Each structure stands twice: as structure tokens, then as C-alpha cells.
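Examining the three-dimensional arrangement
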Amino acid sequence: VSRAIKPFAEPGRPPDWFSQKHCASQYSELLETTETPKRKRGEKGEVVETVEDVIVRKLTAERVEELKKMIKETQEKYRQLKKDAELIQAGHMDNRLEELCNEIMMWVI
């Protein structure tokens, strides 16, 4: 698993983040901190939720929230850039063009 998920790593992770030992310790920690679902008596063939299911649901919900936050931040940045572009085209930002150009060059690098 550690090799399979390495290409999807977030920037800034230490080199040993995806070692088998580290992945195993993180999984153990997840198992220890997750509440075990209570078993229900029911008919045979009834699907019982496992600890793994709880972990997947929890991590999926967390990731969805992270992505929503990223989308919101990206939309805000887009709106600001669009507003700046309109001001530049209208000639209201002529005194800041050099500063804006330098900021853009910093993003590119």
C-alpha cells in the first residue's frame, strides 16, 4: 500500500512517510482511536459494519471537507484575480502594474 499511494503524496512529507513501518503504525493508531461498532443481533446475511468501514467513512468525510475548503479558497482567489484583471483593463491599476508583475513572476517560479 505504501508504494501505491506514494504518487498521491502531499508536498512536504518526509521521505520515510510512506515506509511500511510508518504506514503500519498509522493504521494501528487509527484502529486504536476508532470506536468499535456495536454488533447488532439480526437476520443472517445482514451486513455488519466493521472497524475498517468506520475508518473509511471517517477519512472520506474528512477528505471531502478538505476538498470543499480547497475549492472555496480557489474560488475566492479566482474572484480576486478576475477583479484585478478587470481593474487592470480599466486602467485603474497602472500605478501597481510593476508590483503585480513581480507577484506573478514569484508564482511562476
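Data block above holds the structure.
Now for a quick tour of the structure. (Residues numbered from 1 in each chain as written. Predicted model: local features only at pLDDT ≥ 70, side-chain atom pairs only at ≥ 80, totals over all residues. Heavy atoms only, no water.)

1. Focus: the pattern of salt bridges
Put simply, the rule is: For salt bridges, the criterion is a side-chain nitrogen of Lys or Arg within 4 Å of an Asp or Glu carboxyl oxygen. Helix and strand definitions here come from DSSP, where helices need a minimum of 4 consecutive H or I residues and strands a minimum of 2 consecutive E residues; each element is numbered from the N-terminal end. Per-residue accessibility, obtained with a 1.4 Å probe over protein chains only, is compared with the maximum for each type, and a residue is labelled buried under 20%, exposed over 50%, and partly exposed between these values.
Taken as a whole, this structure holds four salt bridges when the rule is applied. Between Glu65 and Lys68 there is a salt bridge whose closest N-O contact spans 3.9 Å. Note that Glu65 and Lys68 are positioned in helix α3 (residues 51-90) at a spacing of three residues, about one turn of the helix. Arg96 is the salt-bridge partner of Glu99, the closest N and O atoms lying 3.3 Å from each other. Residue classification places Glu99 among the partly exposed positions, given a relative accessible area of 41%.

2. With respect to a nonpolar patch on the surface
We count it as follows: Residues qualify for a patch when their relative accessible area is over 30% and they have no salt bridge, like charges being joined within 9 Å and the nonpolar side chains of Val, Leu, Ile, Met, Phe, Trp and Tyr within 5 Å. Only the protein chains shown count as covering a residue, and every accessible area follows the Shrake-Rupley method with a 1.4 Å probe.
Taken together, the side chains of Leu81, Ile104, Trp107, Val108 and Ile109 present a nonpolar region at the surface, about 570 Å² in accessible area. Per-element accounting of the nonpolar patch gives the leading share, three residues, to helix α4 (residues 97-108). In this fold, Leu81 is placed in helix α3. Its relative accessible area of 37% is what places Leu81 among the partly exposed residues.

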